[in-house]
Amino acid sequence: MPTGARITIDALKREGVKVIFGIPGLSNMQLYDAFIEDLKNGELRHVLMRHEQAAAHAADGYARASGVPGVCTATSGPGATNLVTGLITAYWDSSPVIAITGQVPRNSIGKMAFQEADAMGIFEHITKYVVEIKKLEEIPIWIKNAFYIATTGRPGPVVVDIPRDIFYEKVDEVKWPEKPMVKGYKEFPTIIDRQKLKKAAEILINAERPIILVGTGVVWSNATQEVLELAELLHIPIISTFPGKSAIPHDHPLYFGAMGYYGRAEASMAALESDAMLVVGARFSDRTFTSYDEMIETRKKFIMINIDPSDGERAIRVDVNLTGDAKILLRELKKAIIELGIKNEHSNWIKRLKEYKEYYEQFYYYDEPNKLKPWKVLKTIRNVLPRDAIVTTGVGQHQMWAEVFWEVLEPRTFLSSTGMGTMGFGLPAAMGAKLARPDKVVVDLDGDGSFLMTGNNLATAVDEHIPIISVIFDNRTLGLVRQVQDLFFGNRIVGVDYGPSPDFVKLAEAFGALGFNATSYEEIEKSLKTAMKENIPAVIRIPIDKEELALPTLPPGGKLKQVIVRDPRKSS
Amino acid sequence: MTQEKVVRVVGYYRDPGFLERIAGAFRKLLMDVNWIQGRKISDDGLYEVYMGVPYTNNFDIAIQNLSKTVDVEKVEVLEDAVIKTYIIKRDGTIVQREPYMAKEYDIIVFKPEFTKVTVRSWGIVVGKDIY
């Protein structure tokens, strides 16, 4: 007779789970006992993380790199609460993660039991859904439902909280559900509305300065090819949100970069000057459109393709709101355009954007002797890595440099915490991505502040033979905060600068990883090649001047047209 | 005086978290709830919850979000609702009075009267009925 724990594992395996990231404890150790044989026969792999936050990020990285849900587990109480940051990060970036949390026994719940935390109360507002299992028979259907909820509509994390006494219970016969059954849940539909499609096609055909803005939805819908085909058909330039970077190969001649708060100035200018914007798989986030009024004042027409029907009803009035899967709707839109016939070549418009690009490049690619410039570091790394290498980031200045300068060449190869801005995302997400795509080189572009938030998981990477490379932009400061203090708080620098600890090379070596101190572009190249060849976890520390700024930027609360592209300290 | 909007939420109760999620949809947008009343309406766990919500600019977003909450089948905005309040006194007599006139242990029932309903389910407006 299978136990509740065994049924849980079997239910996960039935959903195709191969890897579980987690840490065992009093309330989930029954799960571990149940999957020992699966580990031995290779049907499952468990990755013992050093903190549950990292387990959630690793599952998130696994999901983003593979397109299928990542799974993590934690015990009750502190184990569950440690998942919080990781799961809200997945929620804000629409990533399907399944978390199985152990709970104290049913007769102890609510009695301030040892390691008890109210998982329902904690997770119900920071995940797509959380369910408390009340009896053994519910496990099969709710594991299936969890995967269904996590992967349909706007993807997101789901928590299944299971009291540990249920893990011990046994049942004679397990009824495995064929289909999910969630009352009060509906997948967002794909609505093919011919009239709306025709109207959208007319807007794009008649526009003089059309633009396509792509977001993460293009990645989840695997609609990169459809976006490119539409752009090429009408000669429409493409820009992206920050996470939408991962959708479009940056060497495509129609791509002009990520727009927004720290985005490329030419992309933001393209967004402002366009007279029609096709928004695909993106919402109007305050990080992309820093001022809704500014965007409304352009009087452009907006067409939105989004899986979430109400995203087009929010801050900005959308002229045509197409609801559903981006891949399907883009194909239908292309058909509608072909039926109506193409009118404009948009060559002047594209020429103008190229001029913008050339103009801003003089500010971006500014070199200084005896300093490692972030843009040049990233270019060096890009030249060494294979085209399909997966890159994750932490959060901070290095992330903003990556937004502007990292060239994504294959879809789904750039993973960053863009919605929640969670420091510490880079390393564990890279580990998850590497397990999802073991054939790919995976590099974590990180900052010294961000890396140390979850850097203890380097031990896991070494122990578990997960050969990721962390490249640390080491400026000994919380650079993005420092930059704001410097530029907008009257140079009142406080609470951001670090001392000499730690020595990242020694730290890496203490964990059993390779450590490199790369103080020139040649050393960066050489250390990367060595790390890839050795195929074990590595840390490459790169010294960056703490006065270095992440540009372009905006003043706090600023509009896109207020973009700052040169160091204001030097002009004064 | 702030205009009050009347909302009817229909969804499947699995645990009291259902009510927390409904309330949270307004709390997260810095909105208040004036009153709430609800009941089970079917044997398979379908509940209806009526709420009086002071209108703010965030109202539409709250309704959209609520309509996309797992367990929630649909959200109805009773567009032109006028609330009549009935006081059920301890002895069972029912009178139409203002809520402040109720005494301890009296029960107040908020009865909306309306002609227009906008129905939203999983982000989509599925009905806009005029009775």
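Since the model is a prediction, treat every value here as computed from it, not as a measurement. (Residues numbered from 1 in each chain as written. Chains lettered and ligands numbered in written order. Predicted model: local features only at pLDDT ≥ 70, side-chain atom pairs only at ≥ 80, totals over all residues.)

*Asks:* I tried to follow the interface of chain B and chain A on my own but got confused; where do I start?
*Replies:* Put simply, an interface is often sized by how much accessible area is lost when its parts join up. Taken residue by residue, the interface counts 18 residues in chain B and 18 residues in chain A. Sorting the residues of the side of chain B that touches chain A by element identifies β1 (4-12), α1 (17-27), α2 (59-67) and β4 (72-78) of chain B as the ones contributing at least two each. Top element by residues in the side of chain B that touches chain A is α1 of chain B. It accounts for four residues. Its residues assigned to classes, the side of chain B that touches chain A shows six nonpolar, six polar and six charged. (Contact = placed C-beta atoms within 7 Å. Helix = DSSP H or I, 4+ residues; strand = E, 2+ residues; numbered from the N terminus. Nonpolar A, V, L, I, M, F, W, Y, C, P; charged D, E, K, R; others polar.)

*Asks:* What should I look at first to understand the sheet that holds strand β11 (residues 301-306) of chain A in this one?
*Replies:* Residue and element names in this part refer to chain A. Overall, parallel pairing links the six strands, which are arranged β9-β8-β7-β10-β11-β12 in an open sheet. Looking at the sheet topology across the chains shown, the edges are occupied by β9 (255-258) and β12 (320-323). Averaged over all adjacent pairs, the angle separating strand axes in this sheet is 15°, with direction ignored. Bridge count for β11 against β12 is four bridges, and the pairing is parallel. (Pairing = 2+ DSSP bridges. Axes fitted to C-alpha atoms, helices over the stretch in contact; angles between N-to-C directions.)

*Asks:* Help me understand the domain arrangement of chain B in this model?
*Replies:* Residues and elements named next belong to chain B. Along its sequence, chain B is organised into domain 1 (4-79 + 114-130) and domain 2 (82-113). Of note, the centres of domain 1 and domain 2, computed from C-alpha atoms alone, are 23 Å apart. Residue-level contacts link seven residues of domain 1 with four residues of domain 2. Elements supplying a minimum of two residues to the side of domain 1 that touches domain 2: β2 (35-40) and β3 (46-54). Here the side of domain 1 that touches domain 2 is built from residues that sort into five nonpolar, two polar and no charged. (Domains from an automatic or database assignment.)

*Asks:* What's the story with the pairing of β11 of chain A in this structure? I'm lost.
*Replies:* It is a general feature of regular strands that their side chains alternate between the two faces of the sheet. Residue and element names in this part refer to chain A. Of all six residues in β11, six are buried, a share of seventy percent or more. Across the two faces of β11 the burial is the same, with K301, I303 and I305 and F302, M304 and N306 all buried. Between strand β10 (residues 276-280) and its parallel partner β11, the chain crosses via helix α13 (residues 292-297), and the hand of that crossover is right-handed. (Buried ≥ 20, exposed ≤ 12 C-beta atoms within 10 Å, placed from the backbone. Right-handed = clockwise from strand over helix to strand, strands pointing away.)

*Asks:* Mind showing me how you'd approach unusual backbone geometry here?
*Replies:* The phi angle of most residues is negative, glycine excepted, and most peptide bonds adopt the trans form. Residues and elements named next belong to chain A. The omega torsion across S501 and P502 is -5°, close enough to zero to call that bond cis. Here P502 is to be found in the loop between α21 (479-488) and α22 (504-511). Within the chain, N370 stands out as a residue other than glycine whose phi angle is a positive 65°. Within the fold, N370 resides in the loop between α15 (347-364) and α16 (374-384).

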